[in-house]
2 protein chains.
Amino acid sequence: MNTNNWQLSAPGVWRLTIREPKAITPLSWMEVSPKEEALQQMPQVKPPFDWDSIQLEEAGESLILSFPLDRTEKLYGTGLQLLRMNQRGRNRYLRVNSDPKQDTGETHAPVPFYVSDLGYGVWVDTSRIVTIYCGSTLKQEDTHSEAIRDRNTDRGWIATPVASRVEIRIPAEGAHVYLFGGPTLADVVSRYNLFGGGGVLPPKWGLGFWHRVPTMYNEQQVLEEAEQFRLHDVPCDVIGLEPGWHSHSYPVTYEWEKSRFPKPGQFVEKLAQKGFRVNLWEHPFVSPNSEMYADLQPLSGSHTVWGGLAPDYSLTEAASLYKKQHEEQHVDIGVSGYKLDECDGSELTNNSWMFPGHAKFPSGLDGEQMRQMYGLMFQKMTADLFRSKNRRTYGLVRASNAAASTMPYVLYSDLYDHKQFIRALCNSSFSGLLWTPEVRRARNAEDWVRRMQTVCFSPLAMLNAWGDGTKPWSFPEVEEVVRHYIKLRMRLLPYLYTAFAKYREQGIPPFQAMPFVMSPSEIAAAEAKLVEAEQQMLNTTDAAYGKKKVREWDDQFMVGDALLIAPLVEGETEREVLLPVGIWYGLETGERYTGGCIVRVQAGLERIPVFVKSGAVIPMMPSLPHVPASGTQVPLELVHFGTEPGEGLLYDDDGETFNYEDGTCSWRKLTVTQHADGQYAGELTGNSEEWTSYRGVTWRFSQTRLA
Amino acid sequence: MNTNNWQLSAPGVWRLTIREPKAITPLSWMEVSPKEEALQQMPQVKPPFDWDSIQLEEAGESLILSFPLDRTEKLYGTGLQLLRMNQRGRNRYLRVNSDPKQDTGETHAPVPFYVSDLGYGVWVDTSRIVTIYCGSTLKQEDTHSEAIRDRNTDRGWIATPVASRVEIRIPAEGAHVYLFGGPTLADVVSRYNLFGGGGVLPPKWGLGFWHRVPTMYNEQQVLEEAEQFRLHDVPCDVIGLEPGWHSHSYPVTYEWEKSRFPKPGQFVEKLAQKGFRVNLWEHPFVSPNSEMYADLQPLSGSHTVWGGLAPDYSLTEAASLYKKQHEEQHVDIGVSGYKLDECDGSELTNNSWMFPGHAKFPSGLDGEQMRQMYGLMFQKMTADLFRSKNRRTYGLVRASNAAASTMPYVLYSDLYDHKQFIRALCNSSFSGLLWTPEVRRARNAEDWVRRMQTVCFSPLAMLNAWGDGTKPWSFPEVEEVVRHYIKLRMRLLPYLYTAFAKYREQGIPPFQAMPFVMSPSEIAAAEAKLVEAEQQMLNTTDAAYGKKKVREWDDQFMVGDALLIAPLVEGETEREVLLPVGIWYGLETGERYTGGCIVRVQAGLERIPVFVKSGAVIPMMPSLPHVPASGTQVPLELVHFGTEPGEGLLYDDDGETFNYEDGTCSWRKLTVTQHADGQYAGELTGNSEEWTSYRGVTWRFSQTRLA
């Protein structure tokens, strides 16, 4: 079988077509085009492999595509993995699953794209389930007996002698496979994102604080709860409505329940006047009580869910019905976006919460394909709808897949492990995804604060009180700390928004795991400096032969290029932090650190450890009750850290429309220089004529901590 | 597609052949023949369905076979399910999995056979993964809008409107499907077991107490540990050796490690002299250090595990190599059997602990098939080996499948939830499987006693100290209780052995879940008498819409036909027990209960609630340090309970060989009558000429509790 028929598809991107892939894939569905210009500007790169080293062989109906693997190579990505960062040694069974409690690869967003720390990436573009054996398999001919250890006597025994290949199970119908060059891991991911159309730029209000009210709340309750945010001096931009806003749920009508929301338009308007946007929860399965039911019935799958239809939105007619209803009843009265729930059920764990894999859809898609694509379908339909109004949206979705980086949606999960939620934030950066470690209930004030601190440094800062009715002030003893970080998030809006603009234009994720900013050798060098020897864990019954703990640095991440966040979870008062080379300051402590090593930091409940790079210039604004409307100008504060000269960027536009695509936006450079007399000077250059939201600039130089 | 081509395959058993099934299946591999004579003696039964109500339709490459489902019908079986008993409403993805922590259907023994409480069963005989949608799917045409509830407002909302069909995903290559008639659930299971050759009759010593010593123990340590059992007056029949007895493990050699066991033959003989049998742990993956390696290499799969070969034992040549080595090095020196570990890895959760599904084997089998069949292969090879010596074996295995009821193997798991372990005991009875709720470590003395009590009423009473070195006397404060139940097990040996003989001859499981002995209406009637209303559980965040708790009675079971066991777990001092109609006595309390209802019983740590049916006659023997060798005669005690006349059975044979197949065995009837003067008389009838292990009979009449 000829595997060498790789074609250059875009700069640094090669494509192999295996058999005859079906037309509908994430790439075809999303209708995105590579950002050719930005790809052109990336480093020239050669293919990372000898083409001959790539093998394709038949295995029953399927095909196995395999790539060589270096001894110490690490593999990241494969979507929203909650349970580990380095996927080396694992089988990743990339099926959508709303309840990914075991480390099988299944997840809300099972993206069949992985990136190597050696600087290349592989993506299988298909609507079917892909299994990637990330060096977890070993063929006879690659098994060298000298590498085999005896578990009886060898404490260093590991289950797999080091595997020499990644094996990928390609669906029987074939697929397009893409290979992305680097040279660095960060370059690979940027290429992947740019190939999928670049990253999303959310509306500015989307980066404010979000609050979801309990189920079955009525209009009056929502308005009162919103008012409480203003009274408590806690910024809030978005109020999310949960089940109960529409007349029937599970299955769903998409229609307002008049007993609870008699005048939806006025309700949305009342909230708008107070600076709140409304986000509506929904799910895919259509109730017989929906006005659309009869029209959707012949356009739906063979199986129902909770008795509701599973429409085939790959059909234009079905999509049009959905969009028209949503346009008239939600978007046109001012609703800002959606929370797209329940589109990620798995046959394995969800049972009747999803149609089966053998369900048949009128378009010819089957249940497996529809499940893998459903999250993308809803993202695309709703995003298109808002775009047709020249309004940006930002919302939540529980299922995604590849080629989704342009989508204004943030993933979330019903799993609620804080450490997993932080890891998901790290991991989403490898796969063109955004993730919110949303806060719900808390075990106690400590848990509450730690979760709130984390979420304020994430793509979507949200309290989801749907089931428990918590508020930011639910734990009075720590209310001030929570308020502080929600306000800090708003102060950082200009910085955060700029990071997203880089995502859009250059494909650089606004939130990044550590391998984006440290090479394998830099990480190894930093770890080598750690004085404490690695511990050998031995639990005789659970793991009688002992296990070596490997630190993955999956609990800290970059926000933009200047801030490093190292959250703590309940029970912790200190932690290790992997600091990249250079001088860093504790953003709020002013403590000075020399990077390129692992530092141990303490932080009481009042602090989340945030580090700022020396020389960084961070654009900030005042903390307001909500993000100001387009056209409102606010003061700009430019904060320079450390003693070195430095620079930063400031992106701006109207924050609400797509007018930036026509150039109604501005990129400005923030430059700090030091004069001979030791004094610093700041310069703001670039064209602000196109757009600015700021009036008055205050420079602060050589800071060691945020005032 | 014609689905009506069902053929009568055996009395009350119909077969449908779909497409062209591959030759190797559990049935073909096990080489079992239906016990025609016993099947003939079962009630005449008509097919449970109109053939027309069964549908077969194509779904992509697969086929969906579906059966009608009654509104309140319950479905049991599908192998060793650890997480629920009634599978109604669940998708059962029947893939072998050593780590079945989520309720997907995956398990150590994923048997594609289910039985309905309406009295029929369905089995798909295939070496491939089968998915059974147990009323968890609903097609559009079967969805009736009046059945749809609104989760917003309806507390009784459930995810699935009642489904009207079971859908079974048949592998693309087709399969043989068998339909078993009843009329009762118990009849269905007996038919299934008889169709697979009947149940296993273990050697008597197999029903004694087992102890597995820690890994890496040497000969001297094992002998000393065995001696401790005698010194502590704790019966023990089998000593199991764990990793360390052979020269290399993970991968494995199957060869004795001479530094720890310099003279294996003498070692086994020394233990035999003290009444101990030796059981050897092993797993499938062959080390390069094994003498067989070079010969097995060309007969093995494409992929290695821990660097070891995965031999293709469907090839006679490979099986012969394995058997010859085991015969010479283990069986011929007196080893009594095996613990067959690690043959149940799953691609999803185990990663490199198993070859991938796309692995290729010389016979043409692929990894999926080999994984599903591997447990059966090892059971069959070792069972055949012992049979060739006219010696019975009894051992442990971690993977099984269908048609395994003749196999002298008991399933176990590394999971360790006591409630799940009790449920597995119940569930194994539906699928022709045996299960041990083995005891390992304990959290405390209470946990210890409760687990020990349970395991003493199971198919294999074992302490598995491989990882933690616990002993029956590890918690001195409860040592006496533990000793009491281990001894009680031995006293009950004649009763237990007779129950197994019924398994062998009539296919009646020796351990049975409640649906075997109570019809759906009897269970419903008993539940209706429960005064306490069922509780509505409401956890607003985890299950915001509320959940109705349904009691499955998956925590109590019958041993034979006269004893009902209702274990307690740590933290419990009382529990509800579903008692079948009739009069029952607390076996050790003498308390009298009227059945046909739910009773609440208290039991301190010193007691596990065991109920004996009034009128039962229980054959017992003295508690000895170990089961006596064939030919040794022991006193027999026949204990009659209650005031009614009654009867029981006593089976006997040499307990060690297969001579019973030639009639060297005895079935005797135990009859208690009451004379006019109120005195009871007992009669032991039947031919004991063929075999008896007993001398002297003591009758005890009208007991209410065991002395």
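Residues numbered from 1 in each chain as written. Chains lettered and ligands numbered in written order. Predicted model: local features only at pLDDT ≥ 70, side-chain atom pairs only at ≥ 80, totals over all residues. Heavy atoms only, no water.

1. Quick word on helix H3 (residues 185-195) of chain A
Residues and elements named next belong to chain A.
- Across the 11 residues of H3, 11 count as buried, placing the element largely inside the fold.
- Among all positions in H3, only Leu185, Ala186, Asp187, Val188, Val189, Ser190, Arg191, Tyr192, Asn193, Leu194 and Phe195 are buried.
- Residue Gly197 follows H3 closely and has a positive phi angle near 100°. (Buried < 20%, exposed > 50% of the residue type's maximum accessible area, 1.4 Å probe, protein only. Helix = DSSP H or I, 4+ residues; strand = E, 2+ residues; numbered from the N terminus.)

2. Some words on the sheet that holds strand S35 (residues 680-685) of chain A
All names here are of chain A.
- Read from one edge to the other, the open sheet built from 3 strands follows the order S33-S34-S35, with strand pairing classed as antiparallel. Sheet topology places strand S33 (646-653) and S35 at the edges, where each strand pairs with a single neighbour. Along the sheet, successive strands turn relative to each other by an average axial angle of 20°, direction set aside.
- Across 6 bridges, the pairing between strand S34 (residues 665-674) and S35 is antiparallel. Among the inter-strand pairings, Thr673 is bridged to a residue of S35, identified as Ala681. (Pairing = 2+ DSSP bridges. Axes fitted to C-alpha atoms, helices over the stretch in contact; angles between N-to-C directions.)

3. Describing the interface of chain B and chain A
- Across the contact, 77 residues belong to chain B and 77 residues belong to chain A.
- For the pairing of chain B and chain A, the buried interface totals around 6100 Å² over both sides, and the portion due to carbon and sulfur atoms is 50%.
- Between the two partners, chain B and chain A, sit 2 salt bridges.
- As a salt-bridge pair, Glu57(A) and Lys360(B) come within 3.5 Å of each other at their nearest N and O atoms.
- Counting across the interface, chain B meets chain A through 32 residue pairs in polar contact (both at pLDDT 80 or more).
- Only strand S3 (55-59), strand S6 (91-94), strand S9 (130-133), strand S10 (138-139), strand S11 (165-170), strand S16 (303-304) and strand S23 (543-548) of chain B provide two or more residues apiece to the side of chain B that touches chain A.
- With 3 residues, S3(B) is the largest single contributor of residues to the side of chain B that touches chain A.
- Grouping the constituent residues of the side of chain B that touches chain A by class yields 22 nonpolar, 34 polar and 21 charged.
- Sheet analysis places strand S16 (residues 303-304) of chain A next to S10(B), joined by 2 bridges and oriented antiparallel. In the strand pairing of S10(B), His303(A) is matched with Lys139(B). (Contact = heavy atoms within 4.5 Å. Buried area = accessible area lost by both parts, 1.4 Å probe. Salt bridge = Lys/Arg side-chain N within 4 Å of Asp/Glu carboxyl O. Polar contact = N/O pair within 3.5 Å; in protein donor to acceptor, adjacent residues only side chain to side chain. Nonpolar A, V, L, I, M, F, W, Y, C, P; charged D, E, K, R; others polar.)

4. Looking at the sheet that holds strand S1 (residues 7-10) of chain B
All names here are of chain B.
- The strand order across the open sheet formed by 6 strands is S1-S2-S12-S8-S7-S5, and the pairing between neighbours is antiparallel. The open sheet has two edge strands with one neighbour each: S1 and strand S5 (75-77). Taken pair by pair, the neighbouring strands of this sheet meet at an average axis angle of 30°, ignoring direction.
- In this sheet, strand S12 (residues 174-181) lies alongside strand S2 (residues 13-19) in antiparallel orientation, the contact comprising 7 bridges. In the sheet register, Thr17 faces S12, and the bridge partner there is His176.
- The strands touched by helix H3 (residues 185-195) within the sheet are S1, S2, S5, strand S7 (113-116), strand S8 (120-125) and S12, with S12 carrying the most contacts at an inclination of about 135°.

5. Focus: the environment of Gln369(B)
Residues and elements named next belong to chain B.
- With respect to the element layout, Gln369 can be found in helix H8 (residues 367-388).
- Considered as a pair, Gln369 and Thr25 are 344 residues apart in the sequence and their alpha carbons are 8.9 Å apart.
- At 3.3 Å, the side chain of Gln369 and the side chain of Arg128 are in polar contact.

6. Regarding the UniProt feature "domain: DUF5110" (unreviewed entry) in chain A
- Those residues carrying the UniProt feature "domain: DUF5110" (unreviewed entry) are residues 635-679 of chain A in this numbering.
- Across residues 635-679 of chain A one finds 0% helix and 56% strand; the C-alpha atoms that close the span lie 24 Å apart. (UniProt positions renumbered as here; feature names shortened; annotations may be inferred.)

7. Focus: the pattern of salt bridges
- Using the criterion set out here, one finds 99 salt bridges over all chains in the structure.
- A salt bridge links Arg149(B) to Asp154(B), with the nearest nitrogen and oxygen atoms 3.7 Å apart.
- Each of Asp341(A), Glu342(A), Asp344(A), Arg398(A), Asp414(A), Glu438(A) and Arg440(A) takes part in one network of salt bridges that share partners.

8. A short note on the domain arrangement of chain A
All names here are of chain A.
- Domains assigned within chain A are domain 1 (7-195), domain 2 (228-393), domain 3 (513-612) and domain 4 (628-703).
- A separation of 39 Å is found between the C-alpha centroids of domain 2 and domain 4.
- Surface buried jointly by domain 2 and domain 4 totals about 650 Å² across both partners, of which 36% is contributed by carbon and sulfur atoms.
- Remark: the boundary between domain 2 and domain 4 carries 4 salt bridges.
- Residues Glu656 and Arg277 are paired through a salt bridge, measuring 3.3 Å at the closest nitrogen-oxygen approach. (Domains from an automatic or database assignment.)

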